[in-house]
Amino acid sequence: MISDNLQGVRARIQAACAAVGRPPDAVNLLAVSKTFGPDAVAEAFAAGQRAFGENYIQEAVEKMAALSELPIEWHCIGLYRVIRPVWLPKTSTGCIRWTGSKLPSD
């Protein structure tokens, strides 16, 4: 199911890129994995998805720990709000990106 959904999204990206003369590899697909468990993220990873976005830091930390053996590129999307200090684990890619209106230094 997840693999089929990803194939459909990639096909739409390719069609949109072809319509405007843009190379499809110039588009990065960020799969928003909030509310999905580590098994679903692992299934998407097996289907070729490498970048995942999370809204909630606590959920992200749990998934990062559960999937630490996979070279996932994690993105924290939305507002960065600290309710309590959270230590983000090291990821196998060494990369956590912040996307939103506030950065951790704000």
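Look a little higher up for the structure.
If you're wondering where the values come from, they're calculated on a predicted model, not measured in any experiment. (Residues numbered from 1 in each chain as written. Predicted model: local features only at pLDDT ≥ 70, side-chain atom pairs only at ≥ 80, totals over all residues. Heavy atoms only, no water.)

### Topic: the overall build of the protein chain
Each helix and strand in the protein chain was counted, giving three helices and four strands. In the protein chain, the succession of α and β elements from N to C terminus is α-β-α-β-α-β-β. Expressed as a percentage of its 106 residues, the buried residues of the protein chain come to 26%. When contacts within the protein chain are restricted to residue pairs at least 6 apart in sequence, long-range pairs at least 24 apart make up 39% of them. Summing over all exposed atoms, the protein chain offers an accessible surface of approximately 7000 Å²; the carbon and sulfur share of this is 56%. (Helix = DSSP H or I, 4+ residues; strand = E, 2+ residues; numbered from the N terminus. Buried < 20%, exposed > 50% of the residue type's maximum accessible area, 1.4 Å probe, protein only. Contact = heavy atoms within 4.5 Å. Areas by Shrake-Rupley, 256 points an atom, 1.4 Å probe, with all protein chains shown as cover.)

### Details of the pattern of salt bridges
Evaluated as defined, the whole model comprises two salt bridges. Note that Glu-54 is salt-bridged to Lys-63, the shortest N-O span being 2.7 Å. For Lys-63, a relative accessible area of 4% gives the class buried. Residues Lys-63 and Glu-59 are paired through a salt bridge, measuring 3.5 Å at the closest nitrogen-oxygen approach. Linking Lys-63 with Glu-59, this pair stays in helix H3 (residues 57-66), spanning four residues, or about one helical turn. (Salt bridge = Lys/Arg side-chain N within 4 Å of Asp/Glu carboxyl O.)

### Description of the nonpolar core
In this structure, Leu-6, Ala-31, Val-41, Ala-44, Phe-45, Phe-52, Ala-60, Met-64, Leu-67, Leu-70, Ile-72 and Trp-74 together form the largest nonpolar core, which totals twelve residues. At the level of elements, helix H2 (38-46) and H3 are the ones that each hand at least two residues to this core. Ranked by the residues each element gives to this core, the list is headed by H2, at three residues. (Core = buried A, V, L, I, M, F, W, Y, C linked by side-chain atoms within 4.5 Å.)

### Considering the environment of Val-41
Counting through the fold element by element, Val-41 comes out in helix H2. Separated by ten residues in sequence, Val-41 and Ala-31 place their C-alpha atoms 9.0 Å apart. Excluding anything up to four places from it in sequence, Val-41 contacts Ser-33, Phe-52, Lys-63, Leu-67, Ile-72 and Trp-74.

None of this, on its own, says anything about what the molecule does.
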